[in-house]
Amino acid sequence: MSNDRAPVLVGVAQYLGRETDPTVAPDPVTMLADVATRAAYDAGVGQSLFAHVDAYFQIPLAHWNPANGALLTAERLGIDRRAQVRNTGGGGEIGVRVANHLATEIMAGRIEAAVMTGGNVWRTAERAKAAGVELNWPTGGDPDGADDRFGQPTHPMMSDVEERHRLTRPIEAYPLFENALRAAQGMTVAEHAQRLGDMMSEFTAVAAANPYAWFPTFRTPEELFTPTAENRMIGFPYTKYLNSVINTDQAGAYVMTSVQKARELGVPEDRWVYWWGGHQAAEEAWHVSTRPNFAECPSMKDSSVGALDQAGVGIDDIALFDFYSCFPIAVRMACAMLGLDELDPRPFTVTGGLPYGGGPGSAYNMNSIASMVERLREDDRSIGLVTGNGFILTKHAAAVLSARPKQGGWNRPVGPPPSAAMETAPVALDQSANGQGRIEAYTVMHDRDGQPSMGYICGRLDDNGTEGQRFLANTPEDPDLLHDLLASETIGRTGQVHIDDTTGRCIFTPV
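Residues numbered from 1 in each chain as written. Predicted model: local features only at pLDDT ≥ 70, side-chain atom pairs only at ≥ 80, totals over all residues. Heavy atoms only, no water.

Participant: Which residues make up the pattern of salt bridges, and what values do they have?
Facilitator: This structure, assessed with the given rule, holds 22 salt bridges. Across the salt bridge formed by E477 and R166, the nearest N and O atoms sit 3.5 Å from each other. Placement of the pair is E477 in the loop between β14 (466–474) and α13 (479–487) and R166 in the loop between α5 (160–164) and α6 (170–184), with a sequence separation of 311 residues. For E477, a relative accessible area of 54% puts it in the exposed group. Of the residues examined, R166 reaches a relative accessible area of 36% and is grouped as partly exposed. With a shortest N-O distance of 2.6 Å, E440 and R470 are connected by a salt bridge. Here E440, found in strand β12 (residues 435–446), pairs with R470, found in strand β14; they are 30 residues apart in sequence, far enough to count as distant. For the pair formed by E440 and R470, the shared burial category is buried. Residues joined by salt bridges that share partners form a network here, namely E178, R195, R332 and E342. (Salt bridge = Lys/Arg side-chain N within 4 Å of Asp/Glu carboxyl O. Helix = DSSP H or I, 4+ residues; strand = E, 2+ residues; numbered from the N terminus. Buried < 20%, exposed > 50% of the residue type's maximum accessible area, 1.4 Å probe, protein only.)

Participant: I'd like a description of the packing of helix α3 (residues 94–107) against helix α12 (residues 364–378), backed by residues and values.
Facilitator: Packing of α3 against α12 leaves a shortest axis separation of 7 Å and a crossing angle of 60°. In terms of orientation, α3 lies oblique with respect to α12. On α12, the residues touching I94, G95, V96 and A99 of α3 are N365, M366 and I369. Within the contact of α3 with α12, the residues separate by chemical class into five nonpolar, two polar and no charged. (Axes fitted to C-alpha atoms, helices over the stretch in contact; angles between N-to-C directions. Parallel < 35°, antiparallel > 145°, perpendicular 65-115°, else oblique. Contact = heavy atoms within 4.5 Å. Nonpolar A, V, L, I, M, F, W, Y, C, P; charged D, E, K, R; others polar.)

Participant: So what's going on with the nonpolar core? Residues and values would help.
Facilitator: Taken as a class, soluble globular proteins show a tendency for nonpolar side chains to be buried jointly. Counting residues in hydrophobic clusters, the biggest one holds 102 residues, and the most contacted among them are L49, F50, F323, I329, L393 and V400. Apart from residues no more than four positions distant in its own chain, F50 is found in contact with A36, T37, A40, L77, G78, I79, D80 and V115. With 35 residues, the next largest nonpolar core counts I94, I106, L320 and A397 among its residues. (Core = buried A, V, L, I, M, F, W, Y, C linked by side-chain atoms within 4.5 Å.)

Participant: With reference to specific residues and values, describe the state of the cysteines.
Facilitator: Scanning all chains against the criterion turns up zero disulfides. With no disulfide of its own, C326 lies 11 Å from the sulfur of C297, the closest cysteine sulfur. C326 gets classed as buried once you look at its relative accessible area, which sits at 6%. The thiol of C335 is not disulfide-bonded; the next cysteine sulfur, from C297, is found 13 Å away. (Disulfide = S-S within 2.5 Å.)

Participant: So what about α3? Which residues, and what values?
Facilitator: With 14 residues, α3 extends 20 Å from end C-alpha to end C-alpha; this agrees with the ideal 20 Å at 1.5 Å per step. In terms of burial, α3 is largely enclosed, as 11 of its 14 residues are buried. Within α3, the full set of buried residues consists of I94, G95, V96, V98, A99, N100, L102, A103, E105, I106 and M107. Following α3 by one or two positions, G109 adopts a phi angle in the positive range, close to 85°. (Expected span 1.5 Å × (residues − 1).)

Participant: Can you lay out α12 for me, pointing to particular residues and giving the numbers?
Facilitator: Counted at 1.5 Å a residue, the expected span for α12 with its 15 residues is 21 Å, and the 22 Å between its end C-alpha atoms agrees. Taken across its 15 residues, α12 has 12 buried, putting it largely inside the fold.

Participant: Provide a residue-level description of the sheet that holds strand β4 (residues 113–121), including the pertinent values.
Facilitator: On the basis of which strands lie adjacent, the open sheet formed by nine strands has the order β3-β2-β4-β7-β1-β8-β11-β10-β9 and mixed pairing. Unpaired on one side and paired on the other, β3 (84–87) and β9 (320–322) mark the two borders of the sheet. Put simply, the sheet's adjacent strands are angled 20° from each other on average, direction ignored. Against the sheet, helix α2 (residues 69–77) engages β2 (55–58) and β3, with an angle of about 130° to β2. (Pairing = 2+ DSSP bridges.)

Participant: I'd like a rundown of the pairing of strand β15 (residues 494–499), residues and numbers included.
Facilitator: Where a strand is regular, its side chains alternate between the two sheet faces. By the bridge criterion, four bridges tie β12 to β15 in an arrangement that is antiparallel. Within β15, the residue paired with G437 across the bridge is G495. Here five bridges tie β15 to strand β16 (residues 506–510), and the two strands are oriented antiparallel to one another. Along β16, the bridge assignment pairs V497 with F508.

Participant: If you had to explain the packing of aromatic side chains to someone new, which residues and values would you point to?
Facilitator: One pass over the structure, following the stated rule, counts 12 aromatic pairs. With a centroid separation of 5.6 Å and an interplanar angle of 20°, the aromatic rings of Y238 and F327 are classed as stacked. You can see Y238 sitting in strand β6 (residues 238–239) and its partner F327 sitting in the loop between β9 and α11 (328–338), a full 89 residues away along the chain. Residue Y238 is classed as buried on the basis of its relative accessible area of 0%. (Phe/Tyr/Trp six-rings, centres within 6.5 Å; stacked < 30°, edge-to-face > 60°.)

Participant: Break down the pairing of strand β7 (residues 249–258) for me, citing the residues and quoting the values.
Facilitator: Counting buried residues along β7, 10 of its 10 residues qualify, which places the element largely inside the surrounding structure. Across the two faces of β7 the burial is the same, with D249, A251, A253, V255 and T257 and Q250, G252, Y254, M256 and S258 all buried. Sheet topology places β4 next to β7; nine bridges connect them, and they run antiparallel. Residue M116 lies in a different strand from β7, and its bridge partner there is Y254.

Participant: Now, about the environment of E134: what can you tell me, with residues and values included?
Facilitator: Looking at the secondary structure, you find E134 in the loop between α4 (122–131) and α5. We classify E134 as exposed; its relative accessible area is 77%. Sequence-wise, E134 and I507 are 373 residues apart; in three dimensions their C-alpha atoms are separated by 44 Å.

Participant: How would you explain the environment of N231 if you had to name every residue and give the values?
Facilitator: Structurally, the position occupied by N231 is in the loop between α8 (221–225) and β5 (233–235). For N231, a relative accessible area of 0% puts it in the buried group. Each C-alpha atom of the pair N231 and G353 lies 18 Å from the other, and the pair is 122 residues apart in sequence. Of the polar contacts made by the side chain of N231, one reaches the backbone oxygen of E223; its length is 3.1 Å. (Polar contact = N/O pair within 3.5 Å; in protein donor to acceptor, adjacent residues only side chain to side chain.)

Participant: Describe in detail the environment of V24, supporting the description with residues and values.
Facilitator: On the secondary structure map, V24 appears in the loop between β1 (7–16) and α1 (28–42). For V24, a relative accessible area of 56% gives the class exposed. Taking C-alpha positions, V24 is 9.4 Å from T124, a pair spaced 100 residues apart along the chain.

So this is what it looks like as structure tokens:
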């Protein structure tokens, strides 16, 4: 392939809105069109760039349901009607996944210039709802093609049995993996809390220096892991400060072209950041309760190692990381899958991460890619790795970027997939489990006063001394029992499981 076909990110921009009056805040089309326009100016071209765009992708925004949001923004920007205009599916990997797709299309000569946008208007929508204000946001757009969403998930995030057990939100599911990995690594509960604080304090330091961070405040490790009235425990072991924040108004955009098109448009070479490689993968065991091992994530390894392999580099060659960080386990699992020390001196974020930089729904990668491009322009010898994670450690994408041209081609090396040694097939659930069982993963959810309210258990039945079928269960709503689960290591603990005939839920009582 000629170097003229190499994909380059040439323009990026971010938006952070803090308007307290929801009627003053920009509507979604205005916000996205503005950030896309600033990305065009960042490329040194300006609005004339949109006449050359032949692909525009947009991540859907929560609280905004137009007939075709991508088309509304494309029309506002003046993108040619002949261009490919697509809404995307949801998931925190989508921004990186689209970048990988566009790069592949550019290398194949099917696209010359593309724009990607995404964002969040959650804060404005919630403020309007609280004030009883009806927002006059655009609702139109030709619906033809609107359902052709790039990267649309093939399954719902949670299964019926998970819904029945009230395992419906990320704040309930991610801690299951966190506690399982802690036990697999042999850390005590106290050591683990300190580790979370030490690791995520580094994220707050990055956020404190980021002008687009939602919480630009440095916090010590102890501030992060110690429960207080302001930092209540949510899903053990995560306090409020260790959870991502979605209640933001944020957006981001990037412009990607071929090298040939960048030259044609007159984009200065000091704006170019090359796409070196990318990959995406999803768990075969899609739903949380069917994962064969809660301390592993095969598809996360596949996506990152696949991107590194295509780029022709190893993990030691990466100077800048942005690991998707909705919860600390997403970062810790990335380290485990890639063989990285969790206290590696290289920061694992360029934004501050979702808990501190801000987590604008499925659009966080719009901020992470923009920040990575800016950092790589400052240090044009560095190589960066950006990752995305959708649903519950379910869908993953990774991309390797650098401000210097990639040497060699883009042929992926031949060999077994990175996860070949891991179990990947989903585990069947016994939905009428009865008897003795052992805990594999767990969390205890807390109410708004910080008191334990419900336990969630994934475990295995004890089949005459051997490991039996998997079960998903809740605990009895007994405060003393829940405090007991929090007091020491609970992974491996035994108990009795039975079906509650009224709710159809399995109930696990530790012994």
